[in-house]
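Here is what each chain is made of, one letter per residue.
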Amino acid sequence: MTGTRRHRAAGPLFVAPFLTLFLLLFLAPLGYAAYLSLFQSRLIGGTVFVGLDNYTQALGDPQLLHGVGRVALFFVIQVPVMLLLALLFALALDSGLLRLARVIRLGIFVPYAVPSVVAALMWGYLYGPDFGPFAQLSRKLDLPAPHFLSDGWMLGSLANIVTWEFVGYNMIILYAALRTIPQELYEAAAVDGAGAWRVAWSVKLPALRPALLLTLLFSVIGSFQLFNEPNLLMKIAPDVISSSYTANLYAYSLAFTGQQVNYAATVSFLLGLVIVIASYGVLLTANRAGRDSLRSAA
């Protein structure tokens, strides 16, 4: 009985460090932010309890709404391109037809190892209208310099930076999922006379559905938390990128520039709620699509 009791006590002891860190570093700050969002700091009266007034104000805040709409558009444009490129690279590497496959895989993944701050600074230099290489080349060819940092191009320029950074990361996830497909499926497809394209469509893509869903969920979270890239490019193009260009940048500006900590906590909570709803919508759509495909196959 003594050994059984020790085994029962071992489980909570192993989990205790994680639960302690989870409580101190996640739940406690989250609870404190929720507490702050229910108050306002006023010139007369100091900090007063206002209940849900901050949330009511945020839901009608045009700067917040425009920021959320902008990152939603960013998600719709950038994520499909990024995941399609990652899928194509993963399938090409898994095909075994590429020479120097390890070098190519490393080359695609290396941009992910570059910190986002460095990547934004590097691309900011490349986009520069005065000293950037694209602008200099255009002037040498007597062509108008491309306006990568203009209002009409900025969202696409940001999408290009994020795609360059994360294609390799998503490619590794998809490539690892491809390597787990049982060899028997390929042998069965070969016996049925399936070619390379048919195997990719009927064997590899269905097996990649969980990995694709995982990368899509990561992309939802990352898109709505877009911060580093616009924050750095704002120094280069202040007339295009404002402090409320994205919802995350808006919350940061409220807290550290405007000293509106309570309202910043409210904006952060609402942004988190948007991410939860968007992630749930992606999961629900994927599950329905999976059920429909199973029914059609049956």
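Residues numbered from 1 in each chain as written. Predicted model: local features only at pLDDT ≥ 70, side-chain atom pairs only at ≥ 80, totals over all residues. Heavy atoms only, no water.

**Student:** Can you help me understand the environment of Tyr280 in this one?
**Tutor:** Relative to the assigned elements, Tyr280 resides in helix α13 (residues 261–297). C-alpha of Tyr280 to C-alpha of Leu217: the two residues are 63 residues apart in sequence and 9.1 Å apart in space. (Helix = DSSP H or I, 4+ residues; strand = E, 2+ residues; numbered from the N terminus.)

**Student:** Sorry if this is basic, but what is going on with the packing of aromatic side chains here?
**Tutor:** Any pair of aromatic rings gets described here by the distance separating the centres and the angle formed by the planes. In the structure shown here, the tally under the stated rule is 17 aromatic pairs. Both rings, one in Phe22 and one in Phe26, keep their centres 5.1 Å apart while their planes meet at 25°; by these two values the pair is stacked. One end of the pair is Phe22 and the other is Phe26, both in helix α1 (residues 2–36) and four residues apart, which spans about a single turn. Measuring from centroid to centroid gives 6.5 Å for Phe75 and Phe224, while their planes differ by 35°, and the two rings are tilted. Here Phe224 lies in helix α10 (residues 209–224) and Phe75 lies in helix α3 (residues 62–95), a separation of 149 residues in the sequence. (Phe/Tyr/Trp six-rings, centres within 6.5 Å; stacked < 30°, edge-to-face > 60°.)

**Student:** Would you take a moment to explain the packing of helix α5 (residues 116–127) against helix α7 (residues 154–179) for this structure?
**Tutor:** Packed helix pairs are characterised by how far apart their axes lie and by the angle those axes make with each other. Viewed as axis vectors pointing N to C, α5 and α7 meet at an angle of 135°, and their least axial separation amounts to 10 Å. When the axes of α5 and α7 are compared, the pair comes out oblique. The handedness of the crossing between α5 and α7 comes out as right-handed. Counted together, Ser116, Ala119, Met122, Trp123 and Tyr127 of α5 and Ser157, Asn160, Ile161, Trp164 and Glu165 of α7 form the full contact between these two elements. Looking at side-chain class alone, the contact of α5 with α7 contains six nonpolar, three polar and one charged residues. (Axes fitted to C-alpha atoms, helices over the stretch in contact; angles between N-to-C directions. Parallel < 35°, antiparallel > 145°, perpendicular 65-115°, else oblique. Left-handed = near helix turned anticlockwise from the far one by under 90°. Contact = heavy atoms within 4.5 Å. Nonpolar A, V, L, I, M, F, W, Y, C, P; charged D, E, K, R; others polar.)

**Student:** Could you clarify how one ought to interpret the nonpolar core in this entry?
**Tutor:** Nonpolar side chains tend to gather and get buried jointly when the protein is soluble and globular. In this structure, Leu64, Met171, Leu174, Leu208 and Val267 are the most contacted members of the largest nonpolar core, which totals 44 residues. Residue assignment for this core shows that the elements contributing at least two residues are α2 (53–59), α3, α7, α8 (183–191), α9 (196–207), α10, α12 (247–256) and α13. Take this core: its biggest share by element is 11 residues, from α3. Not counting the four nearest positions on each side in its chain, Leu174 is found in contact with Ala86, Leu87, Ala90, Leu208, Ala211, Leu212 and Thr215. Counting residues in hydrophobic clusters, the runner-up holds 21 residues, among them Trp123, Leu155, Val162 and Ile241. (Core = buried A, V, L, I, M, F, W, Y, C linked by side-chain atoms within 4.5 Å. Buried < 20%, exposed > 50% of the residue type's maximum accessible area, 1.4 Å probe, protein only.)

**Student:** What should I look at first to understand the pattern of salt bridges in this one?
**Tutor:** Think of it this way: side chains of opposite charge can pair up when their charged atoms draw near. Counted under the stated rule, the structure contains two salt bridges. Put simply, Arg179 and Asp94 hold a salt bridge, and the shortest N to O gap is 3.0 Å. With a gap of 85 residues between them, Arg179 in helix α7 and Asp94 in helix α3 connect regions that are remote in the sequence. Taking relative accessible area as the criterion, Arg179 reaches 53% and is therefore assigned exposed. The shortest N-O distance in the salt bridge between Asp94 and Lys204 comes to 2.9 Å. With Asp94 in helix α3 and Lys204 in helix α9, the pair connects residues that are 110 residues apart, well separated along the chain. (Salt bridge = Lys/Arg side-chain N within 4 Å of Asp/Glu carboxyl O.)

**Student:** Is there a simple way to explain a nonpolar patch on the surface in this structure?
**Tutor:** Taken together, the side chains of Phe14, Val15, Phe18, Leu19, Leu21, Phe22, Leu23, Leu24, Leu25, Phe26, Leu27 and Leu30 make up a nonpolar region of the molecular surface, amounting to roughly 1200 Å² of accessible area. If you trace the backbone, Phe18 turns up in helix α1. For Phe18, a relative accessible area of 54% puts it in the exposed group. (Patch = residues over 30% accessible without salt bridge, like charges linked within 9 Å, V, L, I, M, F, W, Y side chains within 5 Å. Areas by Shrake-Rupley, 256 points an atom, 1.4 Å probe, with all protein chains shown as cover.)

**Student:** How should I be thinking about the layout of surface pockets in this particular structure?
**Tutor:** By rolling a water-sized probe across the atoms, one finds the places where empty space is left. By volume, the largest pocket is sized at about 550 Å³. In this structure, the largest pocket is lined by 20 residues; those nearest its centre are Leu91, Ser95, Ala196, Ala200 and Lys204. Residue assignment for the lining of the largest pocket shows that the elements contributing at least two residues are α3, α7, α8 and α9. Among the elements that line the lining of the largest pocket, the one with the most residues is α9, at seven residues. The residue makeup of the lining of the largest pocket, split by class, is 14 nonpolar, three polar and three charged. Considered as a void within the structure, the second largest pocket measures approximately 340 Å³ in volume. Val162, Phe166, Phe218, Gly222 and Ser223 are, among the 21 residues lining the second largest pocket, the residues nearest its centre. At the level of secondary structure, the elements contributing two or more residues to the lining of the second largest pocket comprise α3, α7, α10 and α11 (228–236). Looking at the lining of the second largest pocket residue by residue, the classes come out as 10 nonpolar, nine polar and two charged. (1 Å grid on protein atoms, 1.4 Å probe; cavity = no way out; pocket = protein on both sides within 12 Å on 5 of 7 lines; lining within 4 Å. Points joined across faces, edges and corners; volume = space filled by probe spheres on them.)

**Student:** When you look at unusual backbone geometry in this model, what are you seeing that I'm missing?
**Tutor:** For residues other than glycine, phi is negative in most cases, and the peptide bonds are mostly trans. A positive phi is found at Leu100, a non-glycine position, where the angle reads about 55°. Following the sequence through the fold, Leu100 ends up in the loop between α3 and α4 (101–113). By relative accessible area, which is 65% here, Leu100 ends up exposed. For Asp142, which is not glycine, the phi dihedral falls at a positive 55°. Looking at where Asp142 falls in the secondary structure, it is placed in the loop between α6 (133–140) and α7.

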